[in-house]
Every structure is written in structure tokens, then in C-alpha cells.
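# Fold and contact review
One-letter residues, chain by chain:
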Amino acid sequence: MSEPVYPAESVYNLIPKEAVHPQKPQRYMSKYRPTVLLEEKATKDAIKTMGPAKVDVPSPEKYLKKHSKEPKLHEKTRGPKEVRHIATAKKPAVPARTDKPAMGIHTQRDFIKTATALPTKPRPTCVDTRRGHKQLLENSGLVPKYIKKKHYGEVPQYLRRLHEEEIRAQEKYDHLVKEQREKRAMKHLTEEERGAALKGLKKSWDELHQEYQGLSFVADNQSKKSHRLQLEVAMKQLEDDIGLFERAA
């Protein structure tokens with residue numbers, strides 16, 4: 001609850017007031033502190049104490065000797081099983097150099113067949129009862145047998161579709177190539193067309209020849225020389241074409 005606020009000048013300020021001193025709460029102290037202090041003193045190392053370490057001084061008689069710090073193996077002790085299997089009788093002596101080996105011993109065993117024979121693999125089985133009854137997995141019906149399918153050995157539908165699409169694409173390509181060849185092939189002209197073309201070529205040659213005859217006799221600059229040369233080349237080409245058409249007749 002907040003105290004009432006009075007103006008700065010008031011007759012109530014003349015009344016003496018008792019000073020109130022707030023009490024400080026007690027400091028928190030853990031109940032496990034004595035146990036922790038005892039454990040810390042008990043586990044403190046000797047080197048961490050003040051002053052020299054309180055350890056036993058080594059005796060002068062126990063000085064460091066050679067190979068004293070190398071690891072040593074434990075001595076092997078014979079157990080009851082090893083003692084039991086110790087051979088009491090001696091092994092036969094090594095045969096002398098003059099002894100002859102035993103001869104004439106035959107056997108029916110085929111060593112080559114034994115060495116090259118492969119171990120037989122167990123046939124896969126399945127257990128169909130909780131008592132452990134087994135049967136061959138092949139005859140159990142759990143393994144699919146594709147040779148007994150309804151459509152076994154037939155060409156799948158998607159392969160047929162792909163084959164038909166490939167055939168159609170090849171036919172379309174062949175037709176396109178045939179059209180291109182027909183377009184690029186030479187056209188057979190009739191007699192009237194040949195005559196009209198030959199007449200047009202001769203008319204063009206006459207025009208070029210007339211222009212060629214109208215040139216000056218002296219070609220004193222490069223433009224006149226090039227123009228004369230162009231007319232000669234064009235007339236030569238027209239003469240070749242006219243001869244070709246006349247031979248075709």
C-alpha cells in the first residue's frame with residue numbers, strides 16, 4: 001500500500017517519526033556443505049598440499065636396476081588338460097637311408113576325381129510348419145515359374161508398338177528422300193520447250209554480240225577491259241548452252 005502524498009509544507013512534518021531499519025535476511029547455507037568439505041579433504045592429492053609431499057622416502061637398497069621397468073610375461077603353467085594329453089610313448093625313429101619303402105600297395109581311390117570334385121550345394125528348402133517340416137522350395141509354390149505364364153514367349157505390347165513406330169518413321173524418311181530426289185532430278189523437255197529455250201539463248205547471244213560489237217577498239221582503262229572480258233565469258237557460256245541444246249535434238 002502506497003503512503004499518502006502530502007504537500008511540501010505541512011504541519012504533519014513537524015511530528016517526529018521513528019527510524020525504521022530493514023532487517024537483512026540470513027545467508028543461504030547448504031546442508032551438504034560439511035560432507036563436501038570432508039570429501040574434498042579425503043580426495044586431495046599429496047602434491048596439491050602446502051609444503052613437501054607426505055610420502056614414504058625410498059630405501060637406498062631399492063635402487064633402480066637394469067631391465068627392472070620392462071614388462072615381464074607370466075610364466076606358463078600347465079593346466080590339468082595339458083598334463084593329461086602329454087604323450088608318454090616316444091615317436092618312431094626316422095627311417096634310415098638304407099631302408100626300402102613299402103612297394104606294391106594299390107588303392108581303388110581316384111585322387112584326381114577327389115581333388116577336382118566340387119562340393120554339392122544344398123537345395124533350397126522352406127519350413128511350412130512350426131514343427132520344422134521341410135519341403136523343396138521349387139515345389140512349394142512360393143517361387144514364380146515364368147514358363148507357365150499365360151503370355152510366356154510372346155513379344156510384349158510395348159515392343160510391338162515401338163517396332164511399328166520405327167517402321168512408320170523409316171517409310172516417312174524414304175518418302176521424303178524420294179521427293180527430294182524428284183525435285184533435284186532433271187526435267188525432260190518437250191520439243192516445243194526445247195525450241196523455245198534454244199530461241200531464247202540465241203536471242204540473248206545476239207544481244208550480247210551486238211553490245212560487244214559496239215565496244216571501242218582500244219581498251220585504255222581497266223573498266224573497259226573488265227567489261228569486254230565479262231561479255232566474252234557470257235557469250236562463251238551461251239555458245240556452250242546452245243551447242244548442248246542442238247546436240248540433244
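So, how was this worked out
- Residues numbered from 1 in each chain as written.
- Predicted model: local features only at pLDDT ≥ 70, side-chain atom pairs only at ≥ 80, totals over all residues.
- Heavy atoms only, no water.
- Helix = DSSP H or I, 4+ residues; strand = E, 2+ residues; numbered from the N terminus.
- Buried < 20%, exposed > 50% of the residue type's maximum accessible area, 1.4 Å probe, protein only.
- Contact = heavy atoms within 4.5 Å.
- Areas by Shrake-Rupley, 256 points an atom, 1.4 Å probe, with all protein chains shown as cover.
- Core = buried A, V, L, I, M, F, W, Y, C linked by side-chain atoms within 4.5 Å.
- Salt bridge = Lys/Arg side-chain N within 4 Å of Asp/Glu carboxyl O.
- pLDDT = per-residue confidence, 0-100.
- Patch = residues over 30% accessible without salt bridge, like charges linked within 9 Å, V, L, I, M, F, W, Y side chains within 5 Å.

## Here's the deal with the overall build of the protein chain
The secondary structure content of the protein chain amounts to 6 helices and 2 strands. When the helices and strands of the protein chain are read in sequence order from the N terminus, they spell out α-α-α-β-β-α-α-α. Counting over 249 residues, the protein chain shows a buried share of 4%. Taking as baseline every contact in the protein chain between residues at least 6 positions apart, the subset at least 24 positions apart corresponds to 37%. When the accessible surface of the protein chain is split by element, carbon and sulfur atoms take 57% of a total near 26700 Å².

## Considering the nonpolar core
L198, L201, L208, L231, M235, L238 and I242 together form the largest nonpolar core, which totals 7 residues. Going through the elements one at a time, α5 (191-213) and α6 (222-248) are the ones with two or more residues in this core. The residues contacting I242, other than those within four sequence positions of it, are L198, L201, K202 and W205.

## So, the pattern of salt bridges
Inspection of the entire model under this criterion finds 4 salt bridges. The salt bridge involving R194 is made with E191; its shortest N-O contact spans 2.6 Å. You can see R194 and its partner E191 sitting in helix α5, 3 residues apart, about one turn around the helix. By relative accessible area, which is 55% here, E191 ends up exposed. Across the pair K236 and D240 runs a salt bridge whose closest N-O atoms are separated by 4.0 Å. With K236 and D240 both in helix α6 and 4 residues apart, this pair spans about one turn of that helix.

## Quick look at unusual backbone geometry
A positive phi angle, near 60°, is found at H67, a position not held by glycine. Among the structural elements, H67 can be located in the loop between α1 (33-42) and α2 (80-84). Owing to a relative accessible area of 48%, H67 belongs among the partly exposed residues under this scheme.

## Considering the confidence of the model for the protein chain
Looking at the protein chain as a whole, its pLDDT mean stands at 83, while 88% of the residues score no less than 70. Averaged pLDDT values over the elements of the protein chain bottom out at 56 in α2 and peak at 92 in helix α4 (residues 157-184).

## What about a nonpolar patch on the surface?
A cluster of nonpolar side chains, namely V11, Y12, L14 and I15, defines an oily patch on the protein surface of about 490 Å² accessible area. Overall, the relative accessible area of 63% leaves V11 in the exposed class.

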